[in-house]
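Here is what each chain is made of, one letter per residue.
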Amino acid sequence: SWCSNKMFFHEPKAGEIFLSEVYGTSQPIKQLEPGVYEVTVEGNRNRYYYKSGILEKIVLENPIKNYQVKLVR
């Protein structure tokens, strides 16, 4: 099983199950293309972008405000 915290440190595989700690729901992780994964939680699509197995960016949808998290080197 996967959660959002684990996604920061490890690249998932398509079809693995993501558990939302906030909503208490689970859903499959979809691979959109190599290194790009999407998880839909309560209608909000969250995309995770990896390069060589390292998380580079997250694009999060939220009912209040959409935002991005980016790796800064």
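Please refer to the structure higher up on the page.
Just so we're clear, the structure is a prediction, and the values are computed from it rather than from any experiment.

Q: Give a description of the nonpolar core that names residues and reports values.
A: Counting residues in hydrophobic clusters, the biggest one holds 12 residues: Trp2, Met7, Phe18, Ile29, Tyr37, Val39, Val41, Tyr48, Tyr50, Leu55, Ile58 and Leu60. Sorting the residues of this core by element identifies strand S4 (36-41), strand S5 (44-51) and strand S6 (54-60) as the ones contributing at least two each. When near neighbours in sequence (up to four residues on either side) are disregarded, Val41 contacts Phe18, Ser20, Tyr23, Thr25, Gln27 and Asn46.

Q: Talk me through the pairing of S6; I want residue IDs and the actual numbers.
A: Along any regular strand the residues' side chains alternate between the sheet's two faces. In the sheet, S5 pairs with S6 via 5 bridges, with the strands oriented antiparallel. Within S6, the position partnered with Tyr49 by the bridge is Lys57. Adjacent in sequence and paired antiparallel, S5 and S6 are bridged by 2 residues, among which Ser52 carries a positive phi angle near 55°. Pairing between S6 and strand S7 (residues 67-70): 4 bridges, direction antiparallel. Counted as the bridge partner of Ile58 is Val69 from S7.

Q: Account for the side chain of Asn46, with residues named and values stated.
A: With respect to the helices and strands, the residue Asn46 is situated in strand S5. Note on Asn46: relative accessible area 10%, which makes it buried. A polar side-chain atom of Asn46 sits 3.1 Å from the main-chain amide nitrogen of Glu61. Sequence-distant contacts of Asn46, that is, excluding residues within four places in its chain, are made with Tyr37, Glu38, Val39, Val41, Val59, Leu60 and Glu61.

Cut-offs applied
- Residues numbered from 1 in each chain as written.
- Predicted model: local features only at pLDDT ≥ 70, side-chain atom pairs only at ≥ 80, totals over all residues.
- Heavy atoms only, no water.
- Core = buried A, V, L, I, M, F, W, Y, C linked by side-chain atoms within 4.5 Å.
- Buried < 20%, exposed > 50% of the residue type's maximum accessible area, 1.4 Å probe, protein only.
- Helix = DSSP H or I, 4+ residues; strand = E, 2+ residues; numbered from the N terminus.
- Contact = heavy atoms within 4.5 Å.
- Pairing = 2+ DSSP bridges.
- Polar contact = N/O pair within 3.5 Å; in protein donor to acceptor, adjacent residues only side chain to side chain.

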